[in-house]
Amino acid sequence: MIALLALIFFVKSYAIVFAGAYFGALCLIELKNKNFKKLGGYVAQGLACLAIILIGISLIRLLNGEGVNHYSQQISEIFPITTEKIVAVIYGIFYYAVFFVFCLGFLPVLIPLFKFKSYEENDRKFILFLMLSAIFTILEIAVIVFIPEETAKVYPYKFCFRYLAVLAMPLVLMLLKCKKEEVKFEVKTILAFTIPLIYIIWYYIGQGTKLASIDAPMLFAIQKTDGDLLPTKPFAVCVIVMFALVAVGMIVLSKLNKIKDVKKAYIVLTVLGLIVLIPINSFWHLHQSNSDIGGKKFETDFITVSEYIKRDYDKVYIINYSSSKYGLGMRSIYGKLFTDYDVISTNTEKLDIEGKKVLVLVTEDFDGEIKGVSEIDIGTEYIKVYTNLEKNENLQVKF
């Protein structure tokens, strides 16, 4: 188990929080039971897990060098610690907690949290693990992601739902396991509904135009799009207001004793909502992928490039450039390349390519200067292709 929990880190580095949540839950349980012998054993196992991770990192660096680690750069941006960054972390925790509760439909988070004691012992242990996983993930994102990307922003650019989405299904299952008489609207539940909804409506109205509020949401129509098919902002606000009205209706009807089984009513409304929204979701996702990130637009060019390479190049460099015209559509090419490749930024300084035959790829609207390579025409429409035919230059990218 210790080795498997350590292995999670090497699958996705942020997932170290799940190892922390697992040992944290066990330690809290034994601390409550005052079983200090078991508590010491779990602390030792947690430290052993951490040691395996550190040894693994050391071996990777020893055998493969530093490599490319997006998070190491972001961690360095945390320092020096300032008042502005401390405020950003506090706001980031609130922002992520609110959107997490909203994206899961409120009750799957609120009922297991507020009705924790009504569950059976094994379920309580699992809920404790899930809640610690959510807390640790939110803390991790607030520090590592929110500080470098969102510091001092009243309206943060996006909520990265993908980090927390893995907790959705387990929490829904825990809601379903709760006794129906325990699922009811009390004062704290109503407040936990009201405060996030007010904040989210304020956020959507005030954040401005063409900003992504939820990254990889369950309802794609509330994510930003550069297309003009429908006004995304008003649609998103309408969806949230409708959600609020349904919630208010459920609360009022339950207080009037018109809804006696809140859990059943919630499940029925959720299923009906999904049936209505699935066609909209599918249609909007297709529209967004085609209008916002290129969709199939790049497909022919990707095939042309991969056919041209034919494994004859030593290295392929993809310029990490957020195109105003194509967004990040170039990112989809990763799965088409059958050779060694690396992603470089637009301010790369003298990347040594002497003695190597390399290819450089970027979207056609890139107007910067790329030294050390020459543009070639291989029949692509949306991608510029460069190569170092002389094989004795340094690669330098500049706007």
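Throughout what follows, the structure given in this document is the object of discussion. In this numbering scheme, every chain counts its residues from 1 along its sequence in written order. pLDDT decides what is reported in this predicted model: residues at 70 or higher carry local features, side-chain atom pairs at 80 or more are listed and counted, and totals for whole chains, interfaces and linings draw on all residues regardless. Neither water nor hydrogens contribute to the side-chain values; these are computed over all heavy atoms in the structure.

**Observations regarding the packing of helix α7 (residues 121-150) against helix α8 (residues 168-177)**
Definition in use: Here, axes are lines fitted to C-alpha atoms. For helices the fit covers the stretch in contact, and angles between N-to-C directions go from 0 to 180 degrees. Helix and strand assignments follow DSSP, with helices taken as H or I runs no shorter than four residues and strands as E runs no shorter than two, numbered in order from the N terminus. By convention the crossing between two helices is left-handed if the near helix lies anticlockwise of the far one by an angle smaller than a right angle, and right-handed if it lies clockwise. Pairs of residues are marked as contacts when any of their non-hydrogen atoms sit within 4.5 Å. Ten residue types, Ala, Val, Leu, Ile, Met, Phe, Trp, Tyr, Cys and Pro, are classed as nonpolar, four, Asp, Glu, Lys and Arg, as charged, and the remainder, Gly among them, as polar.
Their axes nearest at 11 Å, the elements α7 and α8 cross at an angle of 145°. Where α7 crosses over α8, the two elements pack in a sense that is left-handed. Between α7, through Asp123, Phe126, Ile127, Leu130 and Met131, and α8, the contact on the second element is made entirely by Pro170, Leu171, Met174 and Lys177. The residue inventory of the contact of α7 with α8, partitioned by class, reads seven nonpolar, no polar and two charged.

**Notes on the sheet that holds strand β3 (residues 315-319)**
Filter applied, for reference: Here, strands pair whenever DSSP counts at least two bridges between them.
Read from one edge to the other, the open sheet built from five strands follows the order β4-β3-β6-β9-β8, with strand pairing classed as mixed. At either margin of the open sheet sits one strand with a lone partner, and together these are β4 (341-344) and β8 (374-376). Averaged over all neighbouring strand pairs, the angle between strand axes comes to 30°, with direction disregarded. Where β3 lies against β4, four bridges are found, and the strand directions are parallel.

**Quick look at the nonpolar core**
In a soluble, globular protein the nonpolar side chains are often hidden away together inside. The condition that has to hold: In this text, buried Ala, Val, Leu, Ile, Met, Phe, Trp, Tyr and Cys residues form a nonpolar core when linked through side-chain atoms within 4.5 Å. Any residue under 20% of the maximum accessible area for its type is buried, any over 50% is exposed, and the rest in between are partly exposed; the area is computed with a 1.4 Å probe on protein chains only.
Ranked by internal contacts, the top residues of the largest apolar core, which has 58 residues, are Tyr96, Phe100 and Phe159. Take this core: its biggest share by element is nine residues, from helix α5 (residues 83-103). Not counting chain neighbours up to four residues away, the residues in contact with Tyr96 comprise Ile138, Ile141, Phe146, Lys158, Phe159, Cys160 and Leu164. Core analysis: the next-biggest nonpolar cluster, separate from the first, contains 16 residues, Phe302, Ile309, Val316 and Leu361 among them.

**Remarks on a nonpolar patch on the surface**
Counted only if it meets this: By definition, no residue in a patch forms a salt bridge, and every one has over 30% relative accessible area; like charges are joined within 9 Å, nonpolar side chains (Val, Leu, Ile, Met, Phe, Trp, Tyr) within 5 Å. Per-residue accessibility takes into account occlusion by the displayed protein chains alone, with areas from the Shrake-Rupley method and a 1.4 Å probe. Each reported salt bridge corresponds to a side-chain nitrogen of Lys or Arg within 4 Å of a carboxyl oxygen of Asp or Glu.
Together, Met169, Leu173, Leu176, Val246, Ile267, Val268, Leu269, Val271, Leu272 and Ile275 make up a nonpolar patch on the protein surface, roughly 860 Å² of accessible area in all. Listing elements by their share of the nonpolar patch, those giving two or more residues are α8 and α11 (262-291). Secondary-structure assignment places Val268 in helix α11. By relative accessible area, Val268 is classed as partly exposed at 42%.

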